[in-house]
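In case you want the letters, here they are:
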Amino acid sequence: MALVKEIMGSSMTEKSPFLASNVLKTINHNQNQLYLNPLFVPIDNSRSAQFRKKIPRRTPVVVAAISEDLAKFVKAEKAVTFKVRAVLTVRNKNQEDFKEAIVKKFDAFADQIGRNVVLELYSTDIDPKTRAPKKSKESVLKDWSQKSNLKSEKVNYTSDILVDSDFGIPGAITITNKHQKEFFLESITIEGFACGPVYFPCSSWVQSTNDHPKPRIFFSNQPYLPDETPAGLKVLREKELKDLRGDGKGVRKLSDRVYDYDVYNDLGNPDRGNDFIRPSLGGEKIPYPRRCRTGRLPSDTDILAESRVEKPFPLYVPRDEQFEESKQNAFSTGRLKAVLHNLLPSMVASISKKHDFKGFSQIESLYSEGVHLKLGLQDDLLKKLRLPNLVTRLHESSQGGGLLKYDTPKILSKDKFSWLRDDEFARQALAGVNPVNIEKLQAFPPVSRLDPDIYGRQESALQEEHISGYLNGLTVQQAMEENKLFIIDYHDVYIPFLDRINALDGRKAYATRTIFYLNPSGTLKPIAIELSLPQALPGSQSKRVVTPPVDATSNWTWQLAKAHVCSNDAGVHQLSNHWLRTHAAMEPFILSAHRQLSAMHPIYKLLDPHMRYTLEINALARQNLINADGVIEQCFTPGRYCMEISAAAYKHWRFDLEGLPADLIRRGMAVPDPSQRHGLKLLIEDYPYASDGLLIWEAIQNWVRTYVTRYYPDSSDVCNDRELQAWYAESINVGHADLRDKNWWPTLANGDDLTSVLTTIIWLSSAQHAALNFGQYPYGGYIPNRPPLMRRLLPDENDPEYTSFLDDPQKFFLSALPSMLQSTKYMAVVDTLSTHSPDEEYIGERHQTYTWSGDAEMVEAFYGFSAEIQRIEKEIERRNRDTGLKNRCGAGVLPYELLAPSSPPGVTCRGVPNSVSI
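In every chain, residue numbers begin from 1 and rise along the written sequence. Local features are withheld for residues below a pLDDT of 70 in this predicted model, meaning they are given only at 70 or higher, and side-chain atom pairs are given and counted only at 80 or more; totals for whole chains, interfaces and linings count all residues. As a rule here, side-chain values come from all non-hydrogen atoms in the structure, and water together with hydrogens is ignored.

Draft legend 1. Region of the structure containing the overall build of the protein. On a plain count of helices and strands, the protein comes out with 32 helices and 18 strands. Each residue gets one of three labels from its accessible area relative to the maximum for its type: buried under 20%, exposed over 50%, partly exposed in between, using a 1.4 Å probe on protein chains only. Looking at the 918 residues of the protein, the share that counts as buried comes to 58%. By definition, residues are in contact when any of their heavy atoms lie within 4.5 Å. Considering only contacts within the protein whose residues lie at least 6 apart along the sequence, 75% involve residues at least 24 apart. Split by element, the accessible area of the protein, about 38,500 Å² in all, is 51% carbon and sulfur. Going along the chain from the N terminus, every DSSP run of H or I of four or more residues is numbered as a helix, and every run of E of two or more is numbered as a strand. In these tables, accessible area is a Shrake-Rupley quantity obtained with a 1.4 Å probe, and a residue counts as shielded only by the protein chains included in the view.

Draft legend 2. Geometry of the packing of helix α16 (residues 491-502) against helix α22 (residues 642-650). Angles shown run from 0 to 180 degrees and are taken between the N-to-C directions of axes, each axis being a line fitted to C-alpha atoms and, for helices, limited to the stretch in contact. For the pair α16 and α22, interaxial distance at closest approach is 10 Å and the crossing angle is 160 degrees. Regarding the angle of α16 to α22, the classification is roughly antiparallel. Between α16 and α22 lies a crossing whose hand is right-handed. Within the contact between the two elements, α16 uses V493, Y494, F497, R500 and I501 and α22 uses E644, I645 and A648. Reported orientations rely on four angle classes, namely roughly parallel under 35 degrees, roughly antiparallel over 145, roughly perpendicular from 65 to 115, and oblique for the rest. Here a crossing is called left-handed whenever its near helix is offset anticlockwise from the far helix by less than a right angle, and right-handed whenever the offset is clockwise.

Draft legend 3. Representation of the pairing of strand β1 (residues 81-91) in the model. For β1, the buried fraction is high: eight of the eleven residues fall into the buried class. Two strands pair when backbone bridges link them, and β1 and strand β7 (residues 183-191) are joined in this way by seven bridges, in the antiparallel orientation. Of the residues in β7, the one forming a bridge with R85 is E191. In this description, strands pair whenever DSSP reports at least two bridges between them.

Draft legend 4. Spatial organisation of the packing of helix α18 (residues 587-596) against helix α20 (residues 614-625). For the pair α18 and α20, the least separation of the axes is 10 Å and the interaxial angle reads 135 degrees. With respect to their mutual orientation, α18 and α20 come out oblique. Between α18 and α20 the crossing geometry is left-handed. Within the contact between the two elements, α18 uses E587, I590 and L591 and α20 uses T614, L615 and N618. Residue classes follow a fixed rule: Ala, Val, Leu, Ile, Met, Phe, Trp, Tyr, Cys and Pro count as nonpolar, while Asp, Glu, Lys and Arg count as charged, and any other residue, Gly among them, counts as polar. Taken together, the residues of the contact of α18 with α20 break down into three nonpolar, two polar and one charged.

Draft legend 5. Examining the packing of aromatic side chains more closely. For Phe, Tyr and Trp, where Trp contributes only its six-membered ring, two rings pair if their centres lie within 6.5 Å, and the inter-plane angle classes them as stacked under 30 degrees, edge-to-face over 60, or tilted in between. Scanning all chains against the criterion turns up 36 aromatic pairs. Each ring, one from F655 and one from W745, has its centre 5.9 Å from the other, and the planes form 25 degrees; the classification is stacked. A residue pair is termed long-range when its members are at least 10 positions apart, and F655 in the loop between α22 and α23 (660-666) and W745 in the loop between α26 (722-735) and α27 (751-773) qualify at 90 residues. On the accessibility criterion, W745 (9% relative accessible area) is buried. Chaining the aromatic ring pairs together yields one cluster made of Y264, Y288, F589, Y650, W653, F655, W727, Y728, W744 and W745.

Shown next, in the form of structure tokens:
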């Protein structure tokens, strides 16, 4: 013991809890090797953090594996070896099917006879003799079979690894899984080095060598820019990225981890017939962002169309992008609800042959009574479903066992008649599910930007006499100069498609413009709605202006006009603002990040939580939502032309204007003002989306600036980072190839540029998506408030149906809304899309909070960001109690919580997840 104290230092041996008499074993000189079995030199977390803080940013830390005294004790020609311990945290599945259970038992048996999980530890140093990365002896997990029956969510497995005394700092580890079954590796901790524990955040599936023979590479949490990569890790860094890029060939297997690009050529299914043919999106003809390549074979009837994989079979995304179990369970349960709510109304419709709601009370009965069925039908249907466990869970989670009932949408919770009010219609333009289309009125009458050679002269029918009576004595010009007039203009979005839309069965639409006046109280009032058609249909006008009602007839006409505006708004919201701008446009940046940024790159570590699940939810959308005859086509006015409208919007998409301040200025909703906190002044101060959003934008921007400054103190650091530049260039030139020549793409030449680009990406992935997504069911779950499609135009005096409109305007109004089948299907889908899963990770949170980065200073800075997010949440709560803010507080007014950062699971109309995850 005295000898050990002399070798290791008396203070260390006396303090270390690992050097108890039953752990510290006799020094063994057999075969000229010195073993300390095992030798752990732990450093407590506080000391470790202090140690890391003192490290200069670009100075690699070289700490001897054991003390210098020990190295001197052994002659130079003798190999000195000692043990360190690896602790692997593996996450078990909560529920295994029979096949998985059998394979797990087989693996436990095979592990005992040598088919193990094999580890090799790599140093940050190069072996001076071989000039190859210095690595440890191979070791195996020694307790896999003993712990195979543990039912806990996480299990820690251990392995003793032999390393030489001059090993240096561990920087990477490889794992070879010789079992039959993959396993989910959450993290690895290496204990026993003088520098303290070394952490490897993994969060990845480790495949069997049957599927992928090559060892998996994981890097420690220490961030390195490419030029600062330790010599021992350079080859591994390049190899890992090469594997992730793949070769662009072949059909991808579900177990693959390959990230590549393709166009949207899989939305149609030409093999099913002409009705299912859809144009390919992406390319010179129809520009669009790229999506994740699957490599599937062409369809049988069109070599340019990729063959379809239909539900319930999974669509390829890289293995680590697939939903984890709790997320998958939540989504499957929600999907089951959609199936039930889809099939049952279909049966009701086929039996009764009556597709329209008979009254508003029948719509409300969906929440109180559910869908009524004849005796025996429900039991018969449940017997045919092959998901008994999910049915049971759903039944148990439903209040009162109301399996077929819908939850009451939040819009009805305070005032069931609020949707009828003009002030609520206008308030939702500022604080509803789509608060990003309202603009300051810049010209009156409004001017179309459509090419007159193609679409003819598109002059607005709006005249000053239509709105002058609502301006409190101001002229239109005065009201515009005083920032009193605002507009939601969908004219140019819909006009190019209206002839085709209105030719569809059960679809009728206008291109709408809505003018709002700003009241002194800060609320808006709709004062005119323009309804346009490309050309006059028999018995109708091509352009029509509807103003607030003055009698019973005009009241119903006004309600129908507002419903058409909402239908226009629902389409633009879903196809452009939600899907295109936060789902599809972000996918190329995610693909490129995995292909070009190493896991040890600091910018990858920053972006990692904001990429979670996005590729998977986008793939599911291609399979079930935006595909030919998918839910979006069935439930929204544009029908089969939905994705063409989305592609038309992409032509005007600009990444440089996607950040919140730039977007507000573009729409004229704010003006630059250096004296204001955020550098701009809102024209409508009580604009909940904008005012709350600016708080989150500023917090993200400050966090990103702190992070970027840490790693890029000079402009040259940004320019010389080859991985960073490759990521940004590929995102543009490949991922957004159809817009790559646009001159508005931001440069990436200094820290400010990088801060701006990253802030925009994180904003779009988190707060912007949350503001557009999680209010879909709370606002749209009551169809009259926000119909996703319309089936009738406004009645004209020359219309044969005008008499029936006068006789029963309520019946006419309900017949113009979606049918019962369309409504219930839509409600089921947006209910699922508005749901937070139990494993949601919200802004200001990170998995593996303490170990995601080895840079203690940035970990500490993240805690500051998290504290700021919590402060913002309290400020939003305060604002929602402020009676002076009438767009978020008042009788029957919903508080604006869509940008409140946190949320429990479920449909809550609040919460900002880190990523586009639903």
